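The primary structure of each chain is shown beneath.
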Amino acid sequence: MEKVSVSKLVELRRITKEGSKQTFIRNLLKGKVQDPDKIDIGGDYWITSSSAVAATFWNNEKKYLEDKIQDLSNKIELSEFQRTKNQFQENIDLLVIMQDFDFRSILPNTELQKLSVIKNIITISNVPIQVRPQRIFSYSDNGAKQVGGVWFVAKKDGYSDGELGMFCTAIYQYLKIRYGDEYVVDPNFCIAVDISRAKDLSYTEILKNGTSEILLNAINELNKLL
């Protein structure tokens, strides 16, 4: 097993029947688990909307959303396949939702420096977890070098708050492992945003709610089934 995405751990948590869990694990080990948010021909079903949202976030310019909505609308007109039209329209729907989102609310009020997502697979409880936030940034707070990250995610019908918190926890753990020697990881800005419902959550909120163990519990369940 080369890697496990957080979205697959979410899927595992949603399975209630033991037989279905075993089938899921067998397919996972074979690399055959099909994420319901991936299109059959390969790629992320929500890539057009999540990319536009990430660009809007970093450039603080909602024109990226407007331009992508127009671009997808044009593609709908040109496409001959209804499934493709549906995919484009569902991405448009998410972009429309995010037009009212306050992107500044998920950023520290200071100058930011972009950092790269490096070695995006980390090991937690002997399981290789893939962590792919779109943006990682550093900044100075009273002389202390801080680091944070934002991960825009989407799923048909959205993630629950507990599921969204799994992404926050993954970002925090990733930053501790990859950047902890040089920076202080700020839990206030380890943020996951579910663009399916314009909902953001920080690792600080996860700690306050006592739900920081959900990711580890899912990984432990995976280990038991292996």
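Residues numbered from 1 in each chain as written. Predicted model: local features only at pLDDT ≥ 70, side-chain atom pairs only at ≥ 80, totals over all residues. Heavy atoms only, no water.

1. Some details on a nonpolar patch on the surface
Together, M1, L29 and L226 give the surface a local cluster of nonpolar side chains, amounting to about 270 Å² of exposed area. Here M1 is to be found in the segment before strand 1 (4–5). (Patch = residues over 30% accessible without salt bridge, like charges linked within 9 Å, V, L, I, M, F, W, Y side chains within 5 Å. Areas by Shrake-Rupley, 256 points an atom, 1.4 Å probe, with all protein chains shown as cover. Salt bridge = Lys/Arg side-chain N within 4 Å of Asp/Glu carboxyl O. Helix = DSSP H or I, 4+ residues; strand = E, 2+ residues; numbered from the N terminus.)

2. Quick notes on unusual backbone geometry
One non-glycine residue, N60, lies in positive phi territory at about 50°. Following the sequence through the fold, N60 ends up in the loop between helix 3 (47–59) and helix 4 (63–78). We note that S125 has phi near 50°; this positive angle belongs to a residue other than glycine. Secondary-structure assignment places S125 in the loop between strand 3 (121–124) and strand 4 (127–130). Since its relative accessible area comes to 34%, S125 is described here as partly exposed. (Buried < 20%, exposed > 50% of the residue type's maximum accessible area, 1.4 Å probe, protein only.)

3. Comments concerning the state of the cysteines
Working definition: the covalent bond between the sulfur atoms of two cysteines is a disulfide. Scanning the model with the defined rule gives 0 disulfides in all. C190 provides the cysteine sulfur closest to C168, a residue in no disulfide bond, and the two sulfurs are 8.1 Å apart. By relative accessible area, which is 0% here, C190 ends up buried. (Disulfide = S-S within 2.5 Å.)

4. Some thoughts on the side chain of T204
Its place among the elements puts T204 in helix 7 (residues 203–209). Of the polar contacts made by the side chain of T204, one reaches the side chain of N188; its length is 2.8 Å. Apart from residues no more than four positions distant in its own chain, T204 is found in contact with P187 and N188. (Polar contact = N/O pair within 3.5 Å; in protein donor to acceptor, adjacent residues only side chain to side chain. Contact = heavy atoms within 4.5 Å.)

5. Considering the sheet that holds strand 8 (residues 199–202)
On the basis of which strands lie adjacent, the open sheet formed by 5 strands has the order 2-5-6-7-8 and mixed pairing. Edge positions in the sheet fall to strand 2 (113–115) and strand 8, since each has one partner strand and no second. The mean angle between the axes of side-by-side strands here comes to 25°, regardless of whether they run parallel or antiparallel. Relative to strand 7 (residues 184–194), strand 6 (residues 144–153) is paired through 7 bridges, and the arrangement is parallel. Counted as the bridge partner of V150 is I191 from strand 7. (Pairing = 2+ DSSP bridges. Axes fitted to C-alpha atoms, helices over the stretch in contact; angles between N-to-C directions.)

6. Focus on the nonpolar core
Grouped together as the largest cluster of nonpolar side chains are 42 residues, with contacts concentrated most on L9, I129, W151, M166, F167, L175 and L222. Sort the elements by how many residues they give to this core and helix 6 (residues 161–179) lands first, with 10 residues. The residues contacting W151, other than those within four sequence positions of it, are V6, Q130, V131, R132, P133, Q134, F167, A170, I171, I191, A192 and V193. (Core = buried A, V, L, I, M, F, W, Y, C linked by side-chain atoms within 4.5 Å.)

7. Thoughts on the side chain of S49
Locating S49 in the fold gives a position in helix 3. Residues contacting S49, with those up to four places away along its chain left out, are N91, L94, L95 and I195.

8. Side note on the confidence of the model for the chain
Scored by pLDDT, the chain comes out at a mean of 91, with 95% of its residues at no less than 70. Looking at the elements of the chain, mean pLDDT is at its lowest for helix 2 (residues 18–30), recorded as 90, and at its highest for strand 7, recorded as 97. Here residues 36–43 is a poorly scored stretch, pLDDT under 50, and it has 17 contacts once near neighbours within four places are set aside; other chains count. (pLDDT = per-residue confidence, 0-100.)

9. A look at the packing of helix 1 (residues 6–14) against helix 6
At a closest axis distance of 10 Å, the pairing of helix 1 and helix 6 adopts a crossing angle of 145°. Seen from above, helix 1 lies across helix 6 with right-handed handedness. Residue-level contacts link V6, S7, L9, V10, R13 and R14 of helix 1 to E163, M166, F167 and A170 of helix 6. Its residues assigned to classes, the contact of helix 1 with helix 6 shows 6 nonpolar, 1 polar and 3 charged. (Left-handed = near helix turned anticlockwise from the far one by under 90°. Nonpolar A, V, L, I, M, F, W, Y, C, P; charged D, E, K, R; others polar.)

10. Details of helix 8 (residues 214–225)
Look at helix 8: 17 Å from first C-alpha to last across 12 residues, which is about the 16 Å you get at 1.5 Å a residue. Those residues of helix 8 not exposed but buried are I214, L215, A218, I219, L222 and L225. Seen end-on, helix 8 carries its buried residues on one side only, within an arc spanning 140°. Where helix 8 is buried, its residues meet strand 1, helix 1, helix 2, strand 3, strand 4 and helix 6. (Expected span 1.5 Å × (residues − 1). Arc of directions from axis to C-beta.)

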